[in-house]
Amino acid sequence: MSNRLNTTPNDLRAFWMPFTANRQFKKEPRLFVGAKDMHYTTHDGRQVLDATAGLWCVNAGHCRPKITEAIREQAGELDYAPAFQLGHPKAFELANRLVNIAPDGLNHVLYTNSGSESVDTALKVALAYHRVKGDGSRFRLIGRERGYHGVNFGGISVGGIVANRKMFGTLLTGVDHMPHTHQPGKNAFTRGEPEHGGDLASELERIVTLHDASTIAAVIVEPVAGSTGVLIPPKGYLQKLRDICTKHGILLIFDEVITGFGRMGTPFAAQYYGVTPDIMTTAKGLTNGVIPMGAVLVSSEIHDAFMSGPEHMIEFFHGYTYSGNPIAAAAGLATLETYKEEGLFDRARDMAPYWEDGLHSLKDLPNVIDIRNIGTIGAIELDPIAGEPTKRAFSAFLKAYENGLLIRTTGDIIAMSPPLIAEKHHIDEIFGKLREILKSNI
Ligand SMILES: Cc1ncc(COP(=O)(O)O)c(C=O)c1O
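Going by the annotation in an unreviewed UniProt entry, the name recorded for the chain is Beta-alanine--pyruvate transaminase, with Pseudorhizobium flavum given as the source organism. In UniProt, the chain has this text filed under Cofactor (unreviewed entry): "pyridoxal 5'-phosphate". For the chain, the Sequence similarities (unreviewed entry) comment in UniProt is given as "Belongs to the class-III pyridoxal-phosphate-dependent aminotransferase family."

**Considering the sheet that holds strand β12 (residues 377-382)**
As summarised here, the arrangement of the 4 strands in space is β11-β12-β15-β14, forming an open sheet in which the pairing is antiparallel. Every other strand in the sheet has two partners, leaving β11 (368-374) and β14 (408-410) as the edge strands with one partner each. The sheet shows a mean angle of 20 degrees between the axes of neighbouring strands, direction not considered. Two elements, β14 and strand β15 (residues 413-416), share 3 bridges in a ladder whose sense is antiparallel. Counted as the bridge partner of Arg 408 is Ala 415 from β15. Where helix α15 (residues 391-402) meets the sheet, its contacts fall on β12, β14 and β15, and the angle it forms with β14 comes to roughly 170 degrees. Packed on one face of the sheet, helix α16 (residues 424-439) meets β11, β12 and β15 and runs near 170 degrees to β15.

**A closer look at the sheet that holds strand β10 (residues 294-299)**
With mixed pairing, 7 strands are arranged side by side in an open sheet as β4-β10-β9-β8-β7-β5-β6. The sheet is open, and its two edges are formed by β4 (106-112) and β6 (175-178), each paired on a single side. Neighbour-to-neighbour, the strand axes of this sheet turn through a mean angle of 20 degrees, independent of strand direction. Sheet topology places strand β5 (residues 140-144) next to strand β7 (residues 216-221); 3 bridges connect them, and they run parallel. The residue bridging Leu 141 from the neighbouring strand is Ala 218, located in β7. Across the sheet, helix α10 (residues 237-248) is in contact with β5, β6, β7 and β8 (251-255); its angle to β8 comes to roughly 150 degrees.

**Some thoughts on the site of the ligand**
Every residue lining the ligand is accounted for by Ser 114, Gly 115, Ser 116, Tyr 148, His 149, Gly 150, Glu 222, Ser 227, Asp 255, Val 257, Ile 258 and Lys 284. Here an oxygen atom of the ligand and a backbone polar atom of Gly 115 are 2.8 Å apart. Compared with its free state, where it exposes 390 Å², the ligand has 83% of that area covered by protein. Across the shell around the ligand, the residue classes break down as 3 nonpolar, 6 polar and 3 charged.

**Quick word on the pattern of salt bridges**
Per the counting criterion, the structure on display carries 23 salt bridges. Asp 370 serves as the salt-bridge partner of Arg 372, at 2.7 Å between the closest nitrogen and oxygen. As far as burial versus exposure is concerned, Arg 372 and Asp 370 are alike and both buried. Through salt bridges that share partners, Lys 36, Asp 37, Arg 64 and Glu 342 make up one connected network.

**Digging into the domain arrangement of the chain**
Note on interface size: it is often stated as the accessible area lost on association of the parts. Along its sequence, the chain is organised into domain 1 (22-63 + 343-440) and domain 2 (68-342). Centre-to-centre separation of domain 1 and domain 2, based on C-alpha positions: 26 Å. Across the contact, 39 residues belong to domain 1 and 38 residues belong to domain 2. Summed over both sides, the interface of domain 1 with domain 2 buries roughly 3000 Å², with 58% coming from carbon and sulfur. Where domain 1 touches domain 2, the interface holds 2 salt bridges. The partner of Glu 356 in a salt bridge is Arg 191, and the shortest N-O contact between them spans 3.2 Å. Linking domain 1 to domain 2 there are 21 residue pairs in polar contact (both at pLDDT 80 or more). Listed by contribution, the elements that provide at least two residues to the side of domain 1 that touches domain 2 are α2 (53-56), α14 (344-360), β11, β12 and β15. Partitioned by chemical class, the residues of the side of domain 1 that touches domain 2 number 22 nonpolar, 10 polar and 7 charged.

**A closer look at the environment of Gln 24**
Following the sequence through the fold, Gln 24 ends up in helix α1 (residues 22-27). C-alpha separation for the pair Gln 24 and Tyr 111, spaced 87 residues apart in sequence, amounts to 36 Å. In this view, Gln 24 contacts Arg 30, Phe 394 and Leu 398; residues no more than four positions away in its chain are not counted.

What counts, and at which threshold
Residues numbered from 1 in each chain as written. Predicted model: local features only at pLDDT ≥ 70, side-chain atom pairs only at ≥ 80, totals over all residues. Heavy atoms only, no water. UniProt positions renumbered as here; feature names shortened; annotations may be inferred. Pairing = 2+ DSSP bridges. Helix = DSSP H or I, 4+ residues; strand = E, 2+ residues; numbered from the N terminus. Axes fitted to C-alpha atoms, helices over the stretch in contact; angles between N-to-C directions. Contact = heavy atoms within 4.5 Å. Near = heavy atom within 4 Å. Polar contact = N/O pair within 3.5 Å; in protein donor to acceptor, adjacent residues only side chain to side chain. Areas by Shrake-Rupley, 256 points an atom, 1.4 Å probe, with all protein chains shown as cover. Nonpolar A, V, L, I, M, F, W, Y, C, P; charged D, E, K, R; others polar. Salt bridge = Lys/Arg side-chain N within 4 Å of Asp/Glu carboxyl O. Buried < 20%, exposed > 50% of the residue type's maximum accessible area, 1.4 Å probe, protein only. Domains from an automatic or database assignment. Buried area = accessible area lost by both parts, 1.4 Å probe.

Printed below as a string of structure tokens:
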């Protein structure tokens, strides 16, 4: 008898699923076979309302015609063009469109295929920038506790989620972490930006004093920490980080993989907070999640520092086979066009107060210990079951799925971020269903 796995299409064993309880899943599979606008269709023919925009990425809603058509057309016209020493028009066009909606000064774009690659690209740009300027002693990278910057080695090194780091050896050296900003004792149930904790940014000064500014290349943070369970920056915090970085010649990187493309009611969180980083990482909503693609935006100062030496020489030894892939670029252009035509960023801004009210109406339900929101992002933190962390939220996730609602959980926190096309009745349905689930002894 062969010991090979059965290879019939409905055998679930071969696919080792990412960030998934594989054994639980394979006993009770949850498969999506279709999607349209705000809903998924499950393999057993049910409709599931998407309260998470897939995985924080389907900002324009599912299977939008303009995007689908652009991909179809591009696949028939130019499927692939080599990314090194050659190009194709749409990659340039998309870069220009991105720069147009980005914060002032972020004028150049490097393409990647995911958020994780965007982060590692950004960290490499930061290190190399100091080196080309003759400041190669700046090798340290500073992240933050509870930060999520994807799963590649750079990202997990500056990231601060223990489970994502502890298995993987020494990671990058020369990394330090600022404290996270979660202060539930002072800020629980705050609507929008917390009052307390802005002073935590001064911890960066302490780290700078410890290592000396001359050794620090960059600081990376998510403007709103998403994957750890939605931690909103306290008032004044991001501006203070900006000031400290500027003062010490340290680059500030905003990881906008979640907060980009309208999630905050502005193109990027940088504009929402009025704080401009030197480098910004994006992915997810760039192509509405439809085709893998990321983009790193950098300031002219950074870009221009590399543009020296003989003109036939490559200026930056970095890139991916699929950087600016034609089909991804077509998807990106159609996505940006859809956001613009339908005014989806403004729509998200206008919907945010309704979202906030609905979310906070769940405040008095059993086991709810905190609720947080900003833009159209929301989180409900649950009291963990003693001795069984994560189980309460996971039960809520399973119940929601059975009841036709897709939520996301991380630890004992429910996180949500619906597509920006959500109508008020969708928001009512999300919180109506959640209310019933949270009332039912999970
Ligand atoms: C802030 C942030 N950075 C990076 C990533 C990694 O993106 P990807 O899963 O596309 O590699 C994520 C994913 O959720 C993220 O939220």
